[in-house]
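Understanding the architecture of this molecule
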Amino acid sequence: MRRTTAIAAVLTAGLLLTATACTDDDITTAPSKTGAAEQPASEPAEAPEDEPTKATVAKVGDTITLKGQEDGEQVDATLKKLVDPAQPKDEFFTPADGSRWVAAQFELTNTGTKPYTDSPSNGAQVADADGQRFGATFADTKAGPSMTSEAKVPPGEKVLGWITFEVPTASKVVTVQFGLNSGFADQTGQWKVS
């Protein structure tokens, strides 16, 4: 009887530990201070005296550290620039009538211990002021070279490119989001752009 009770206690503790360990499913809007992983929640970070303790919202130019689904997957994602509207690279491929293109330039630096392998545009989206969300589209713009569709980035290296979104002409884009593993990772970075 004691053995059964001890096993039940161990299983219950394991389930509680698992439930509390799965809290990384938040949308991250605060930029990373150094581009390195943030301290665990159990160790409160000390804010320097000249910095406000209120969390800041990430904006264009800020870096957010994101973790992937597997141990060792970690990327510092920086929204470098946003072009709205983005002009087509040529006259043969243009947005649909009533729509425009918005292009976001991302720099993704592998700060993990294993290669970052992904299709970055699958994990990106923009949202307008009404809450409508728009995924990436395959389009080349005058903003610059498109993000690769097959990123294979060793630890310590980076990938840079533009991801294009097709949005209604009347929509006002207010946020840009990005997540690893084609957007299936628990963490999502969010930048306020308007």
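This text gives an overview of the structure that appears in the document. (Residues numbered from 1 in each chain as written. Predicted model: local features only at pLDDT ≥ 70, side-chain atom pairs only at ≥ 80, totals over all residues. Heavy atoms only, no water.)

**Things to note about the packing of aromatic side chains**
Note the cut-off: In summary, the pairing rule links any two rings of Phe, Tyr or Trp, Trp by its six-membered ring, whose centres are within 6.5 Å, and it sorts them by plane angle into stacked for under 30 degrees, edge-to-face for over 60 and tilted for everything else. Each residue is assigned to one of three classes by its accessible area relative to the maximum for its type, calculated with a 1.4 Å probe on protein chains only: buried under 20%, partly exposed between the two thresholds, exposed over 50%. Helical segments are the DSSP runs of H or I of at least four residues, strand segments are the runs of E of at least two, and each set is numbered from the N terminus.
Summed over all chains, the structure comprises three aromatic pairs. Ring plane angle 50° and centroid distance 5.5 Å describe the contact between Phe 93 and Trp 101, whose orientation is recorded as tilted. Its relative accessible area of 44% is what places Phe 93 among the partly exposed residues. Trp 101 sits in the buried class, given a relative accessible area of 1%. Ring geometry for Phe 106 against Phe 178: centres 5.3 Å apart, planes inclined by 35°, an arrangement best described as tilted. Taken as a pair, Phe 106 in strand 4 (residues 99–110) and Phe 178 in strand 10 (residues 173–178) lie far apart in primary sequence, 72 residues in all. Across the pair, exposure class does not vary: Phe 106 and Phe 178 are buried alike. Among the aromatic residues, ring-to-ring pairing joins Phe 106, Phe 178 and Trp 191 into one connected group.

**Some remarks on the pattern of salt bridges**
Rule in force here: A pair is scored as a salt bridge if a Lys or Arg side-chain nitrogen falls within 4 Å of a carboxyl oxygen belonging to Asp or Glu.
Enumeration over the complete set of coordinates arrives at five salt bridges. As a salt-bridge pair, Glu 107 and Lys 158 come within 3.4 Å of each other at their nearest N and O atoms. Of this pair, Glu 107 sits in strand 4 while Lys 158 is found in strand 9 (residues 158–168), placing the two residues 51 residues apart along the sequence. Since its relative accessible area comes to 15%, Glu 107 is described here as buried. Accessibility expressed as a relative area gives 54% for Lys 158, which makes it exposed.

From the geometry alone we can't say anything about function, so treat these as descriptive.
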